[in-house]
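Architecture at a glance
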Amino acid sequence: MLSSRERICSTSKQPTMDPAKDVHVLVLAHPVQGHINPMLQFSKRLASKGLKVTFLIPISTKKSLNLVNASSVQVEYISDGFDHLSIDESLKHFRLSVSQGLSDFIQKHQSCQDNSATVLIYDSFDCWALDVAIEHGMHGAAFFTQSCVVSCIYYLVHQGKVKLPVEAVDGQGRVLSDPPAMSVLGLNDFPSFVVDVHKYPAILKMVLRQFSNFRKAKWLLFNTFTELEEEMVNWMGNQWLMLTVGPTIPSLYLDKRLEDDTDYGLSLFKPEAEACLRWLDSKPPCSTLYVSFGSLASLGEDQMEELASGLRSMKSHFLWVVRESEEEKLPRNFLQELGLDDDKKGLVVRWCNQLQVLSHGSVGCFMTHCGWNSTLEALSLGVPMVVMPQWTDQPTNATFIVDVWKVGLRVRANERGVVTGEEIENCVNEIMEGGERGKEIRENSLGWKEMAKRAIDEGGSSEKNIQEFVSNVLDLCT
Ligand code: UDP
């Protein structure tokens, strides 16, 4: 557990800027795992270039946070006024209370620090943070944690250029052909919030509001890399100043230039890391399917049953993450039947260190819900995917994984909306058994792994953009 204020230093092999400048930025994270990870990782990159970074998290998250790894970033908690509520319950009240907590923090910070921060990097989902920053004389940098394509869809809806609910406009089921990168998307590939507009109205409002004040932000930062979404990045780059800074994955898994950067650093769940590694170590190369649906998605009981039956009957070993809140949906006796020894066919854990798992030689395929971080992680580590999107941006990411980057296969649901065990088994076999299609997918995956590494390595597109951002901040502050 973290104390209320932590600063743990790590060193960097990269030359740092003149520490005398001591330029300070604040980073405000949205308190869910898929948003904390990329923003903390970006913060570490900034710290490695000599910026002082304070990472702010709402206090209600503190009780469930695990410090997994040291970082060069200072973590501070700010009051959100409802420490006793869960994150889900608090979404409604989040904006009011955290903007007050942020304002109080900045005020206190400005009155007692000589080098008070001049820049706030905020999660684009929390666009109100920009108004708070401006009120206090600071500059804002919006950090987008989703793909450019998904962000662009929300932008077009916000501008009224796409009407809600989105509808197909041609016989092929397409919704949009401009920007051209969108033409690959059918109606059901759009983010769920703009297709089924009544299901999560508060979240729909939040994702559209990202674009209500974004022109007042001095920088727009995207967790992607130019080569991955080139067409989209060019389209967006022609309209406003944007910088791609991803993939925001610990340096150990990409360029290895940040010393000790082996983990994201802050986890809302406790990984069963050793058990996973011990078990994976006992399996042959490329023999295991890794299955995870991220930190939020929840499968129906029927779907859990089918997935369990597919895993039971396929030839591959499997490592399946079933979060504690999902455990009761596991079929009766499923765990008992698996047995306890390390020889067993499959391992079920409540949480793992996903990067460790994906980079393990015995993992040959990733069955994923296509959260944007999981997508970038699999691409960066060269692991082929079987995709089973659930909601939010996942259907869009799935389409790009399968049809554009060609690094995965998609399972299809039956008429009851359930993906059968047989369908899952067939798709996994196609990849694991290395048939024609599986081989092509594996080769493409290795190609993207190289490109991801190149983007963040010295001279790469994202590294140049991070350097440009840091130089801008230094110019502004000195
Ligand atoms: N993750 C993990 N262990 C797990 C499952 C997920 O460390 O057992 C991490 C994963 O590496 C990723 C994040 O949790 O960085 C999930 O983010 P993503 O955007 O993929 O999905 P979300 O949870 O937001 O739906």
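Sequence order as written defines the numbering, with residues in each chain counted from 1. Local features in this predicted model are restricted to residues of pLDDT 70 or higher, and side-chain atom pairs are both shown and tallied only at a pLDDT of 80 or more, whereas totals for entire chains, interfaces and linings draw on every residue. Side-chain descriptors were evaluated using all non-hydrogen atoms of the structure, hydrogens and water having been removed beforehand.

When helices and strands are tallied, the protein shows 16 helices and 16 strands. C-alpha atoms define the radius of gyration, and 2.2 Å times the number of residues to the power 0.38 defines the globule rule. Computed over its C-alpha atoms, the radius of gyration of the protein comes to 22 Å, within 12% of the 23 Å expected for a compact globule of 478 residues. When the backbone C-alpha atoms are referred to their principal axes, the protein occupies close to 65 × 55 × 45 Å. Accessible area is worked out with a 1.4 Å probe on protein chains only. A residue is then buried under 20% of its type maximum, exposed over 50%, and partly exposed in between. When each of the 478 residues of the protein is scored for burial, the buried share is 59%. Restricting to contacts in the protein with at least 6 residues of sequence separation, those with at least 24 account for 71%. All accessibility values rest on the Shrake-Rupley procedure with a 1.4 Å probe; residue burial counts only the protein chains present in the view. By element, 49% of the accessible surface of the protein is carried by carbon and sulfur atoms, the whole surface being about 19,700 Å². A run of H or I in DSSP becomes a helix once it reaches four residues, and a run of E becomes a strand once it reaches two; helices and strands are each numbered from the N terminus. We call two residues in contact when some of their heavy atoms are within 4.5 Å.

Counting buried residues along strand β3 (residues 52-58), 6 of its 7 residues qualify, which places the element largely inside the surrounding structure. Between any two strands, pairing holds if DSSP finds at least two bridges. Bridging between strand β2 (residues 24-28) and β3 involves 5 bridges; their strand directions are parallel. Among the inter-strand pairings, Leu-26 is bridged to a residue of β3, identified as Thr-54. Tracing the backbone out of β2, into helix α1 (residues 33-48) and back to the parallel element β3 gives a crossover that is right-handed. Two elements, β3 and strand β5 (residues 74-78), share 5 bridges in a ladder whose sense is parallel. Residue pairing across strands places Phe-55 opposite Val-75, the latter belonging to β5. Here the term right-handed applies to a crossover when the path leading from its first strand over the helix to its second strand runs clockwise, the strands being oriented away from the viewer.

To continue, consider the packing of aromatic side chains. Side-chain rings of Phe, Tyr and Trp (the six-membered ring for Trp) are treated as a pair once their centres are within 6.5 Å; stacked means planes under 30 degrees apart, edge-to-face means over 60, and tilted covers the remaining angles. Using the criterion set out here, one finds 21 aromatic pairs in the structure. When the ring of Phe-94 is compared with that of Trp-128, the centres are 6.0 Å apart and the planes differ by 65°; the resulting orientation is edge-to-face. Taken together, the residues Phe-94 in helix α2 (residues 87-112) and Trp-128 in helix α3 (residues 128-135) connect sequence positions 34 residues apart. Trp-128 matches Phe-94 in its accessibility class, with the two residues each being buried. For the ring pair Trp-219 and Phe-469, a centre distance of 5.0 Å and an interplane angle of 85° mean the geometry is edge-to-face. Here Trp-219 is found in strand β8 (residues 219-222), whereas its partner Phe-469 is found in helix α16 (residues 461-477), with 250 residues between them in sequence. Every member of this aromatic cluster is reached through a ring pair, and the members are Phe-144, Tyr-155, Phe-211, Phe-214, Phe-222 and Trp-240.

Moving on, we come to the confidence of the model for the protein. Detail in the predicted coordinates should be disregarded across regions flagged by low pLDDT. Residue-level confidence of the predictor, termed pLDDT, takes values from 0 up to 100. Here the protein shows a mean pLDDT of 90. Residues at 70 or above account for 91%. The low-confidence segment residues 1-17 (pLDDT under 50) makes 57 contacts with residues lying over four places distant or belonging to another chain.

With respect to spatial proximity, 18 residues lie near the ligand, and among them Ser-295, Cys-352, Asn-373, Ser-374 and Glu-377 are the closest. By the criterion applied in these results, polar contacts are pairs of N or O atoms within 3.5 Å in which, for protein atoms, one can donate a hydrogen and the other can accept it, and in which residues neighboring in sequence qualify only through two side-chain atoms. Taking Ser-295, its side chain carries an N or O atom lying 2.4 Å from an oxygen atom of the ligand. Contacts to the ligand include Ser-374, whose side-chain N or O atom sits 2.6 Å from an oxygen atom. Starting from 540 Å² of accessible surface for the ligand in isolation, the protein chains cover 93%. Of all the secondary structure elements, the ones that give two or more residues to the shell around the ligand are α1, β11 (288-292) and α12 (372-381). Polar here means any residue outside two lists: the nonpolar Ala, Val, Leu, Ile, Met, Phe, Trp, Tyr, Cys and Pro, and the charged Asp, Glu, Lys and Arg; Gly therefore counts as polar. Its residues assigned to classes, the shell around the ligand shows 6 nonpolar, 11 polar and 1 charged. Residue proximity to a molecule or strand is established when one non-hydrogen atom of the residue lies within 4 Å of it.

Our next topic: the pattern of salt bridges. By salt bridge we mean one thing: a side-chain nitrogen of Lys or Arg within 4 Å of a carboxyl oxygen of Asp or Glu. Per the counting criterion, the structure on display carries 17 salt bridges. Arg-45 is the salt-bridge partner of Asp-255, the closest N and O atoms lying 2.7 Å from each other. Of the two residues, Asp-255 is situated in the loop between β9 (243-244) and β10 (266-267) and Arg-45 in helix α1; the sequence distance between them amounts to 210 residues. With a relative accessible area of 4%, Arg-45 lands in the buried category. Here Asp-302 ties to Arg-416 by a salt bridge, and the two come within 3.7 Å at their closest N and O atoms. One end of the pair, Asp-302, is in helix α9 (residues 301-313); the other, Arg-416, is in the loop between β16 (408-410) and α14 (421-432), with 114 residues separating them in the sequence. When salt bridges with common partners are traced through the structure, they connect Arg-45, Lys-49, Asp-255, Arg-257, Lys-453, Asp-457 and Glu-463 into a single cluster.

For the rest of this paragraph, the subject is the environment of Asp-126. For Asp-126, the location among the structural elements is in the loop between β6 (119-123) and α3. In this structure, the C-alpha to C-alpha distance between Asp-126 and Val-98, residues 28 residues apart in sequence, is 9.6 Å. Once residues lying within four places of it in the same chain are set aside, the contact partners of Asp-126 are His-30 and Phe-94.

The strand order β13-β12-β11-β14-β15-β16 describes an open sheet built from 6 strands, whose pairing is parallel. Edge positions in the sheet fall to β13 (346-349) and β16, since each of these pairs with one other strand and no more. With direction set aside, neighbouring strand axes in the sheet form an average angle of 15°. As paired strands, β11 and strand β14 (residues 363-368) are joined by 5 bridges and run parallel to one another. Whenever a helix is involved, its axis is fitted only over the stretch in contact; in every case the axis is a line through C-alpha atoms, and angles between N-to-C directions fall within 0 to 180 degrees.

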